[in-house]
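# Geometric and topological summary
One letter stands for each residue in the lines below.
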Amino acid sequence: MAKKKKAIWEWKIVGRAIWDALLKLNPHKMMGNPVMFVVEIGSVITTALLFKGGSAFKFNLQITLWLWFTVLFANFAEAMAEGRGKAQADTLRKARAETIANRILPDGKTEQVPSSKLRSGDVVMVSASEFIPSDGEILEGVASVDESAITGESAPVIREAGGDRSAVTGGTRVLSDWLKIKITSNPGETFLDRMIALVEGAERQKTPNEIALNILLAGLTIIFLLAVVTLQPFAIYSGSPQTVFVLVSLLVCLIPTTIGGLLSAIGIAGMDRLVQHNVLAMSGRAVEAAGDVNTLLLDKTGTITLGNRQAAEFVSAPGITAAQMADAAQLSSLADETPEGRSIVVLAKERYGLRGRDLAAHEAQFIPFTAQTRMSGVNLDGREIRKGAVDAISKYLSEHGTGLPKEVQSAVETIARSGGTPLVVAENRRALGVIHLKDIVKGGMKDRFDQLRAMGIKTVMITGDNPLTAAAIAREAGVDDFLAEATPKDKMDLIRNEQKQGKLVAMTGDGTNDAPALAQADVGVAMNTGTQAAKEAGNMVDLDSNPTKLIEVVEIGKQLLMTRGALTTFSISNDVAKYFAIIPAMFAGTFPVLNALNIMGLQTPQSAVLSAVIFNALIIIALIPLALRGVKYRPMGAAALLRRNLWIYGFGGIVVPFVGIKLIDMVITRAGMA
Amino acid sequence: MTVNGWIQILVFLGLIFLVTKPMGVFMARVFSREKTFMDPVLRPIERLLYRVTGVDENHEMRWTEYAVSMLLFSVVSMLVLYLMQRLQGFLPFNPQKFGAVTPEHLAFNTAASFTTNTNWQAYAGEATMSYFTQMAGLAYHNFVSAATGIALAIAFIRGIARRQMQTIGNFWVDLVRSCLWVLLPFCVVGALLLVSQGVVQNLRPYDKATLVQPQQVQTTGADGKTVTTTVTEQTIAQGPVASQEIIKEFGTNGGGFFNANSAHPFENPTPLSNLIELFAIFTIGAGLTYTLGRMTGSQRHGWAVWTAMAILFLAGVTVAYWAEAGGNPLLANTNQRVTALQSGGNMEGKEVRFGIANSALFATVTTDASCGAINGWHDSFTPLGGMVPLVNIMLSEVIFGGVGAGMYGMLIYVVLAVFIAGLMVGRTPEYLGKKIEAYDVKMAMLVVLVFPLVILVFTALSSVNGFGTSSILNPGPHGLSEILYAFTSGAGNNGSAFGGLTVNTPWYDTTIGLTMLAGRFLMIIPMLAIAGNLAQKKYVPPSLGTFPVTTPLFTVLLIGVILIVGALTFFPALSLGPILEHLLLAAGRTF
């Protein structure tokens, strides 16, 4: 679902957008956009003058209509951007439908209440095939949950009490088993509510760069207002006074209507693009900050490497055959359901042909992994097999008077130095050998880090591994830096330190202990599977819980700014051609020599003015897809990017209107419109 | 155009290139209060000045205090100059026994003009001002208004360079150091060089010379009768010219001692004095680009800005030189070619000793900077040749620019260029590690708005009302150019006159006076606000994702922004002025 591209022109959205475009003519709403507000005032003035009569009615009528179209097209662009969000919001609303919840009262009895009556702190019981009534934290139980209403992902996910997967979202459905949930949100404040508000753009506030750009555009509008208003006295002085229709046309063509009309659509579409990637940004500010990020903190596990280490080889101690070692390793892991444990069984089977054995026949006693012993293993037929971290096993051995043989010791070091994790296997208090667990770096990560580097972003890998291991993986993955043996406090210090140097930091996190760092980071993307605390601390939530997504978030942030910058440049560059269309048209009647400036060879003064106005209106429509999709972003250095965009939107912005206005002029003269 | 002409132009640019670094390093040291070789002489004087005036030289000012100090100083200086003109008759050094400068609006206009470093002159110096007013009033302002401009540019540079600080320096210290270290020593040397070329320096009454060949002059009296008089004697004005001449250029003031300004043989007698004057105009402006690089730690950025200026300069001088060397198309039957005996081209209103190249160069340089000194009449240039100085001023005189004013004007464009570029590379725009945000853009736009506001509005009012049009000497588009040039020159604090407009009228004296004040102070306040705001900001280290402000691409972008902002604002007005006049000239109509 995440990558499914929506068509730009969906008829349902277009229909609604046309209606919304008309509603947006309300001057109160237009005032937020100074550029288009000026166009609307201009349209009102020309409309009023139209009814006063006078000559050239046909021309004046066409000008007036196209001025209105200019306003409507801009409104339509905004409505289109909002429409895409609204369609999504409608789907979400269905998920929010009223359900009946089983609230557990303090005395242990349950009562049925509508989900809208639930308050934060209530405890509810949700059984299989029931909807989870509101956001909450699981108190008891394990269940598979269908979260497709929110993430679009149809595969169910496991949610369980305790740990980092204990948060549930209202509107999702329990598929099997049951959950006892403590509600954490009040009605109207749930995740779903916030999500609906966000995609609808109801809460949209202008972002800092958008405000700055708006000021620039308003300033330019005032400059052009001055240039056009004072042109009339100059025209009178020159004996060639102009009609209001022509002056308003010139003004509307000059002020940056292209970017002014598309500005809010670009902002809404940027947020929408994030939603398409299943990322919810809590504010537009966060999206912009993402484009500015200097440092990316990435957790090693799950982001840079595949979630789990895998057994790569068995190294046997002197005097132990490979088969003995593999046998012990396999036995110790048969009951070990962790991915590492399973990979040991797989390796034993593939490399040494050892098949899985049914241990029920033997009197097997499994020793589970505990945080205290940090070993696991099995007691079977008088054999006491253990596997575990080096220090744990050597402590276990030394308690019984033996130690690690030198050869084992050196094998351990070799493995650690290469970035692997050594697990020592011991049988009956004797070290048999070492299992080499290896981190598998995800495919394509190196390329992505190279791209990030080209964009000027530094990547830092965060890992709990020792520095040796961390360095090896960092080298393999191609990250710029790493933080080994990282504690939450180390992470925090790293972020603070980067920020002190003026850098912006982005990170992902899911656990409760990530929460402070997520809050401190400029862009904190919380995983949807994460705890409530993490989700509240971050300023974005990734519904797919894919930590690599941070890279896309950065790109979307950049793309948002670039689209604004590119269209601003395009809009201003367009003015050159418009001057060459309108100025000679205004004065060539009195001074035929000024036709020298009519380098496009436009037919008549009227067709020239009209063509410029029509071009100015149509270009808004033509650029809606670009505004909604964003300009193409390629990871490259700023200088190369600017050169490229200056060519396309600066130089292109000068050339395109010359061609466009000329074509329109040919069409309308052929059609007898002017 | 001749090879000789181009060599002169390129030699001039080469000299400016050579002086950039030493001047820039020197100014950076002076304003960072580091040791310079002049300290043994100047430090005692500086300390004495502070002791007398009660200035604490270690006190640092926020931008608001800096602005208030600068405004107070300017207001008081302006009042003093006004009173000095009005009380001229009672003051010493007045061998010609000039009375008070009248009318009041002329005195106001002149006071505003010299306070704002404009030196717009609605009077003729040798017929209006006593030596005392020239020296203690006008020359004083030539120094302090230039020093104020330099101080402001340095304050702005500090704003960029400083990190998380509230202050941008001390106005009084910057002012004093500008005068003592930068302006005075160079002026002493420069004045002596000019004297060596024949520029006069005395306090004598005007000389009388008997004409070898008496001239018959016909004048039309108020009653309409033509009176013929025979002139046998010529008055030759004198004065302390050299001392005022050098600061006129070095401080980009431009106010001539004589009405004929640098076309007058006592102000600018030889081609060498012409070169010295041209050189003086650009020295500080060019040096400040190096100071910018040095103080902000990005020397290549300083050179990138320098290059943008140099390219715009060359573009201007090329058009002006080409247009003037081309001559007048209506005189096709006349020999306008360059020969050993004549300069060729359009020599109307130009000095023979300077010729086409040096006149076009001077017109370009004086308007690239906000100097306003002239050595030929811009009014008599061809329409396109005359448009070059006009457009130069409209671009805010940022091509090396007025002392200080050119630098901070350019930095406003840099802020805008960086803002657009930053967006286009997908980052919050940064300039030398400082984020450019809404507040900075707002203030930059306020600066940019001042020009169209005063120039276009006042020109529009003057072009359709009797009080404006009655001053025009030439009809048609040329008349519009004359009004447009007057207000543009005022707003740009240039001070050069196109001519052809009677400006000593209540309307023009007052409105141009206001235009000059707006063009100076309305720009300075938002500019200082940006400086103060930038100084407070955190430094963001540059990365590959940051748009570099040191590359040729940046130079191109900066030029683009300057041209686009200027062209879009003024194209309609220009199309009815010089452009229309040019096209009509080709069609055989003149004005």
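Procedures and definitions
Residues numbered from 1 in each chain as written. Chains lettered and ligands numbered in written order. Predicted model: local features only at pLDDT ≥ 70, side-chain atom pairs only at ≥ 80, totals over all residues. Heavy atoms only, no water. Helix = DSSP H or I, 4+ residues; strand = E, 2+ residues; numbered from the N terminus. Rg over C-alpha atoms; globule rule 2.2 N^0.38 Å. Buried < 20%, exposed > 50% of the residue type's maximum accessible area, 1.4 Å probe, protein only. Contact = heavy atoms within 4.5 Å. Areas by Shrake-Rupley, 256 points an atom, 1.4 Å probe, with all protein chains shown as cover. Lys, Arg positive; Asp, Glu negative; His and termini not counted. Charge placed at Lys NZ, Arg CZ, Asp CG, Glu CD. Phe/Tyr/Trp six-rings, centres within 6.5 Å; stacked < 30°, edge-to-face > 60°. Pairing = 2+ DSSP bridges. Axes fitted to C-alpha atoms, helices over the stretch in contact; angles between N-to-C directions. Buried area = accessible area lost by both parts, 1.4 Å probe. Polar contact = N/O pair within 3.5 Å; in protein donor to acceptor, adjacent residues only side chain to side chain. Core = buried A, V, L, I, M, F, W, Y, C linked by side-chain atoms within 4.5 Å. Expected span 1.5 Å × (residues − 1). 1 Å grid on protein atoms, 1.4 Å probe; cavity = no way out; pocket = protein on both sides within 12 Å on 5 of 7 lines; lining within 4 Å. Points joined across faces, edges and corners; volume = space filled by probe spheres on them. Salt bridge = Lys/Arg side-chain N within 4 Å of Asp/Glu carboxyl O. Patch = residues over 30% accessible without salt bridge, like charges linked within 9 Å, V, L, I, M, F, W, Y side chains within 5 Å. Parallel < 35°, antiparallel > 145°, perpendicular 65-115°, else oblique. Nonpolar A, V, L, I, M, F, W, Y, C, P; charged D, E, K, R; others polar. Domains from an automatic or database assignment.

## Considerations on the overall build of chain B
Looking only at helices and strands, chain B has 19 helices and four strands in total. Relative to the 2.2 N^0.38 estimate, which gives 25 Å for 591 residues, the radius of gyration of chain B is 24 Å and therefore close to what a compact globule would have. The dimensions of chain B, computed from C-alpha atoms along their principal axes, are 75 × 60 × 50 Å. Counting all 591 residues of chain B, 64% fall into the buried class. Of the contacts formed within chain B by residues at least 6 apart in sequence, a portion of 78% connects residues at least 24 apart. In the structure as shown, chain B presents an accessible area of about 20500 Å², 65% of it carried by carbon and sulfur atoms. Positive and negative charge centroids in chain B, built from 31 and 29 side chains respectively, lie 11 Å apart.

## Structural notes on the packing of aromatic side chains
Residue and element names in this part refer to chain B. On inspection of all chains with the given rule, the structure shows 34 aromatic pairs over all chains. With centroids separated by 5.5 Å and ring planes inclined at 45°, the aromatic side chains of Phe17 and Trp303 adopt a geometry described as tilted. Placement of Phe17 in helix 1 (residues 3–31) and of Trp303 in helix 10 (residues 299–325) is noted, with a sequence separation of 286 residues between them. A residue is classified by how much of its surface remains accessible, and Trp303, at 25% relative accessible area, is partly exposed.

## As for the sheet that holds strand 8 (residues 173–177) of chain A
All names here are of chain A. As summarised here, the arrangement of the three strands in space is 6-5-8, forming an open sheet in which the pairing is antiparallel. In this open sheet, the two edge strands, each paired with only one partner strand, are strand 6 (157–160) and strand 8. Across the sheet, the mean angle separating the axes of adjacent strands is 40° when strand polarity is ignored. With four bridges connecting them, strand 5 (residues 142–146) and strand 6 associate as antiparallel partners. By the bridge assignment for strand 6, Val145 is matched with Val157.

## As for the interface of chain B and chain A
Between chain B and chain A, the residue contacts involve 60 residues of the former and 60 residues of the latter. Across the chain B/chain A interface, buried area totals approximately 5000 Å², and carbon plus sulfur atoms make up 78% of it. Looking at the side of chain B facing chain A, the largest losses of area belong to Leu423(B), Met424(B) and Leu568(B), adding up to 15% of the total buried there. Scanning the region where chain B abuts chain A turns up nine residue pairs in polar contact (both at pLDDT 80 or more). Only helix 13 (405–424), helix 14 (438–463), helix 16 (476–491), helix 18 (552–576) and helix 19 (578–586) of chain B provide two or more residues apiece to the side of chain B that touches chain A. Among the elements that line the side of chain B that touches chain A, the one with the most residues is helix 14 of chain B, at 13 residues.

## Some remarks on the nonpolar core
In terms of nonpolar packing, the biggest core is built from 334 residues, with Met540(A), Phe156(B), Ile284(B), Phe313(B), Phe400(B), Tyr431(B) and Phe547(B) touching the most fellow members. If one sorts the elements of this core by residue count, helix 21 (residues 549–587) of chain A sits on top with 21 residues. Setting aside its immediate chain neighbours within four residues, Tyr431(B) contacts Ile160(B), Leu292(B), His301(B), Leu411(B), Val414(B), Val418(B), Ile436(B) and Val549(B). Ranked by size, the runner-up nonpolar core spans 35 residues in total, among them Ala317(A), Val390(A), Leu404(A) and Val434(A).

## Some thoughts on helix 13 of chain B
Residues and elements named next belong to chain B. In this model helix 13 runs 29 Å from its N-terminal to its C-terminal C-alpha over 20 residues, within 8% of the 28 Å that 1.5 Å per residue would give. For helix 13, a buried count of 19 out of 20 residues is recorded, marking the element as mostly surrounded by other parts of the structure. Of the residues one or two after helix 13, Gly426 is the one with positive phi, at around 80°.

## As for the pairing of strand 2 (residues 226–236) of chain B
Residue and element names in this part refer to chain B. Examined bridge by bridge, strand 1 (residues 207–220) and strand 2 share 10 bridges and lie antiparallel to one another. Residue pairing for strand 2: Asp207 is matched across the bridge by Ile236. Connecting the antiparallel pair strand 1 and strand 2 is a turn made up of five residues, with Gly224 showing a positive phi of about 90°.

## Structural notes on empty space enclosed by the protein
All names here are of chain B. Using the criterion set out here, one finds nine cavities of 30 Å³ or more in the structure. Its volume calculated, the largest cavity comes out at about 320 Å³. As for the largest cavity, its lining consists of 26 residues, of which Ser396, Gly409, Val447, Phe451 and Met523 are closest to the centre. When residues of the lining of the largest cavity are traced back to their parent elements, those giving at least two are helix 13, helix 14, helix 17 (506–536) and helix 18. Examining the composition of the lining of the largest cavity, we find that six residues originate from one element, helix 13, more than from any other.

## Digging into the pattern of salt bridges
Applying the stated criterion across every chain yields a total of 40 salt bridges over all chains. Of the charged contacts, one joins Arg16(A) and Asp90(A) as a salt bridge, the two residues approaching to 3.8 Å between their closest N and O atoms. Here Asp90(A) lies in helix 4 (residues 57–95) and Arg16(A) lies in helix 1 (residues 11–23), a separation of 74 residues in the sequence. Between Arg429(A) and Glu384(A) there is a salt bridge, and its shortest N-O distance comes to 3.3 Å. With Arg429(A) in the loop between strand 16 (421–427) and strand 17 (430–438) and Glu384(A) in strand 15 (residues 383–388), this residue pair connects regions lying 45 residues apart in the sequence. For Arg429(A), a relative accessible area of 27% puts it in the partly exposed group. A network of salt bridges, in which partner residues are shared, links Arg33(B), Arg43(B), Glu46(B), Glu57(B) and Arg177(B).

## Looking at the sheet that holds strand 10 (residues 279–281) of chain A
In sheet architecture, strand pairing relies on hydrogen bonds along the backbone and comes in two forms, parallel and antiparallel. All names here are of chain A. With mixed pairing, the seven strands of this open sheet are ordered in space as 10-22-21-20-11-18-19. The open sheet terminates on both sides in strands that have one partner only, identified here as strand 10 and strand 19 (481–483). Strand-to-strand twist in this sheet, taken as the mean axis angle between neighbours without regard to direction, amounts to 20°. The pairing of strand 18 (residues 458–462) with strand 19 spans three bridges and is parallel. The residue bridging Val460 from the neighbouring strand is Asp481, located in strand 19.

## Comments concerning a nonpolar patch on the surface
On the surface, Trp647(A), Ile648(A), Phe651(A), Ile654(A), Val655(A), Val659(A), Leu663(A) and Met666(A) cluster together into a nonpolar patch covering about 720 Å² of accessible area. Within the secondary structure layout, Val659(A) lies in helix 23 (residues 638–670).

## Description of the packing of helix 3 (residues 63–86) of chain B against helix 7 (residues 171–197) of chain B
All names here are of chain B. Packing of helix 3 against helix 7 brings their axes to within 9 Å, and their N-to-C directions diverge by 55°. Taken together, the axes of helix 3 and helix 7 lie oblique to each other. Contact residues: helix 3 offers Tyr66, Ser69, Met70 and Phe73, while helix 7 offers Phe171, Trp172, Asp174 and Leu175. Residue composition of the contact of helix 3 with helix 7, by class: six nonpolar, one polar and one charged.

## Looking at the domain arrangement of chain B
Domain boundaries in chain B define domain 1 (207–236) and domain 2 (403–586). Computed over C-alpha atoms, the centres of domain 1 of chain B and domain 2 of chain B are 45 Å apart.

## A word on the environment of Pro635(A)
All names here are of chain A. With respect to the helices and strands, the residue Pro635 is situated in the loop between helix 22 (605–629) and helix 23. The exposure class assigned to Pro635 is partly exposed, which follows from its relative accessible area of 28%. Beyond its immediate chain neighbours, meaning those up to four positions away, Pro635 contacts Gln451, Ala454, Met455 and Glu555.

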